[in-house]
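Residues per chain are reported as follows:
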Amino acid sequence: MNAHTRREHARDLRLTRQEVADLLHRYPQVSDAEAREVVTFLRNGRHLDVGLLTGDERLKPHLDRFMADHARHFRLSVGEATGVTAAILAFLGLCWLIWELVKPATLTL
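Now for a description of the structure that goes with this document. The structure displayed is predicted, hence computed values, not measured ones.

As for the pattern of salt bridges
Thought 1: Applying the stated criterion across every chain, the model contains 8 salt bridges.
Thought 2: In this structure, the salt-bridge partner of arginine 46 is aspartate 49, at a minimum N-O distance of 3.8 Å.
Thought 3: A salt bridge links aspartate 64 to lysine 60; the nearest nitrogen and oxygen atoms lie 3.3 Å apart. Of the two residues, aspartate 64 and lysine 60 are both situated in helix H5 (residues 60-69); the distance of 4 residues between them amounts to about one turn of the helix.
Thought 4: The class for aspartate 64 is partly exposed, based on a relative accessible area of 40%.
Thought 5: The exposure class assigned to lysine 60 is partly exposed, which follows from its relative accessible area of 39%.
Thought 6: Members of the salt-bridge network, linked through shared partners, are Arg17, Arg46 and Asp49.

Quick look at the structure:
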């Protein structure tokens, strides 16, 4: 019961796609707190909502300006880049190990 209540409460605290669209239409006349909320939505929002927002042609000039002004917030951090690189290398290493296990043995005559 408490988990459901917390989830509902957290959902109420997040901005909706329409609220973010309204903030972007007003950009750059938004407060720093509102700009942080837009950044949080674009980085952590549901992929469908972010995709619909970024695909809106009426918002495109406002969104482009916002993204340009806040580009540093959308870059990968050193930790994130290291994690992605490690995951790719681990996947390639696993593929190599599987290949070594299943490849046919070469016969030398």
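Things to note about the packing of aromatic side chains
Thought 1: In this structure the tally under the stated criterion is 1 aromatic pair.
Thought 2: Where tyrosine 27 meets phenylalanine 66, the ring centres are 5.1 Å apart and the plane angle is 80°; that geometry is what we call edge-to-face. Of this pair, tyrosine 27 sits in the loop between helix H2 (17-26) and helix H3 (32-44) while phenylalanine 66 is found in helix H5, placing the two residues 39 residues apart along the sequence.
Thought 3: Assessed through its relative accessible area of 11%, tyrosine 27 is described here as buried.

Structural notes on the environment of valine 20
Thought 1: On the secondary structure map, valine 20 appears in helix H2.
Thought 2: Among all residues touching valine 20, those that are not within four sequence positions of it are Leu15, Val38, Phe41 and Leu53.

Examining the side chain of histidine 70
Thought 1: By secondary structure assignment, the location of histidine 70 is in the loop between H5 and helix H6 (78-102).
Thought 2: Contacts of histidine 70, omitting those with residues within four sequence positions, involve Tyr27, Ala35 and Val39.

Comments concerning the packing of H2 against helix H4 (residues 47-54)
Thought 1: In contact at an axis separation of 10 Å, H2 and H4 are set at 35° when each is read in the N-to-C sense. In this structure, the crossing between H2 and H4 has a hand that is right-handed. Contact with H2, carried on its side by Arg17, Val20, Ala21 and Leu24, involves Asp49, Leu52 and Leu53 of H4 and no other residues of that element.
Thought 2: When the residues that make up the contact of H2 with H4 are grouped by side-chain class, the tally is 5 nonpolar, no polar and 2 charged.

Calculation rules
- Residues numbered from 1 in each chain as written.
- Predicted model: local features only at pLDDT ≥ 70, side-chain atom pairs only at ≥ 80, totals over all residues.
- Heavy atoms only, no water.
- Salt bridge = Lys/Arg side-chain N within 4 Å of Asp/Glu carboxyl O.
- Helix = DSSP H or I, 4+ residues; strand = E, 2+ residues; numbered from the N terminus.
- Buried < 20%, exposed > 50% of the residue type's maximum accessible area, 1.4 Å probe, protein only.
- Phe/Tyr/Trp six-rings, centres within 6.5 Å; stacked < 30°, edge-to-face > 60°.
- Contact = heavy atoms within 4.5 Å.
- Axes fitted to C-alpha atoms, helices over the stretch in contact; angles between N-to-C directions.
- Left-handed = near helix turned anticlockwise from the far one by under 90°.
- Nonpolar A, V, L, I, M, F, W, Y, C, P; charged D, E, K, R; others polar.

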